[in-house]
Amino acid sequence: MSQLILASGRMSRSIEWRHDGRRVILPVSILPPEPALDLTGVTGTALVDTGSTTSAVTPRVVKALGLRSLGKRVLGSAQGEGMAERYIFRVGLNPATDAPAFPFVFPEIVGFELSDSFQFEALIGMDILRQCDFSMARSGMCRLTFG
């Protein structure tokens, strides 16, 4: 379920959904960095990770979008440090509505490549979340307000 909210004299968009009690996942579209008006991409689910400073995509998404590597960099994670490929991509959030609606697309980011065994298409880190208001209630409802 999503809704539009008028805040501070400008239009903000908000998406609400339920988490499963173990993890917070969110429907997303991963888009190539250009052309900016191209809204075709890979639609799927992303794990919301407030402990990650950077968002990421799987090799399946990299291949489907034909993303070009920026080279490897050291990446620190809960499993330790390792080298990870970096890519430029955009993240789009689609309102859950029956009416036709454009996604809200964040500016391009430099993210890293997840392992091929990652369960979701993407990981949403603080590079995206810091551009939003994120809340999660004890009832299981989550809200992300952006725009």
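This structure is a prediction, so every number in the text was calculated from the model and none was measured. (Residues numbered from 1 in each chain as written. Predicted model: local features only at pLDDT ≥ 70, side-chain atom pairs only at ≥ 80, totals over all residues. Heavy atoms only, no water.)

(A) Fine view of the environment of Ser69. In this fold, Ser69 is placed in the loop between helix H1 (59-65) and strand E6 (72-77). Taking relative accessible area as the criterion, Ser69 reaches 37% and is therefore assigned partly exposed. Sequence separation between Ser69 and Tyr87 is 18 residues, and the spatial gap between their C-alpha atoms is 5.2 Å. The contacts of Ser69, once residues within four sequence positions are left out, are Glu85, Arg86 and Tyr87. Engagement of the side chain of Ser69 in a polar contact is seen with the backbone nitrogen of Gly71, the distance being 2.9 Å. (Helix = DSSP H or I, 4+ residues; strand = E, 2+ residues; numbered from the N terminus. Buried < 20%, exposed > 50% of the residue type's maximum accessible area, 1.4 Å probe, protein only. Contact = heavy atoms within 4.5 Å. Polar contact = N/O pair within 3.5 Å; in protein donor to acceptor, adjacent residues only side chain to side chain.)

(B) Local environment of the packing of aromatic side chains. One pass over the structure, following the stated rule, counts 5 aromatic pairs. Ring pairs connect the aromatic residues Phe104, Phe106 and Phe146, which therefore count as one cluster. (Phe/Tyr/Trp six-rings, centres within 6.5 Å; stacked < 30°, edge-to-face > 60°.)

(C) Structural view of the nonpolar core. Counting residues in each nonpolar core, the largest one holds 28 residues, and the members touching the most others are Val28, Ile30, Phe89, Val91, Leu93 and Leu144. The element contributing the most residues to this core is strand E7 (residues 80-93), with 4 residues. Excluding anything up to four places from it in sequence, Phe89 contacts Ile30, Leu31, Pro33, Ser55, Ala56, Val57, Leu67, Glu108, Ile109 and Gly111. Membership of the second largest hydrophobic core comes to 8 residues, among which are Phe112, Leu114, Phe118 and Phe120. (Core = buried A, V, L, I, M, F, W, Y, C linked by side-chain atoms within 4.5 Å.)

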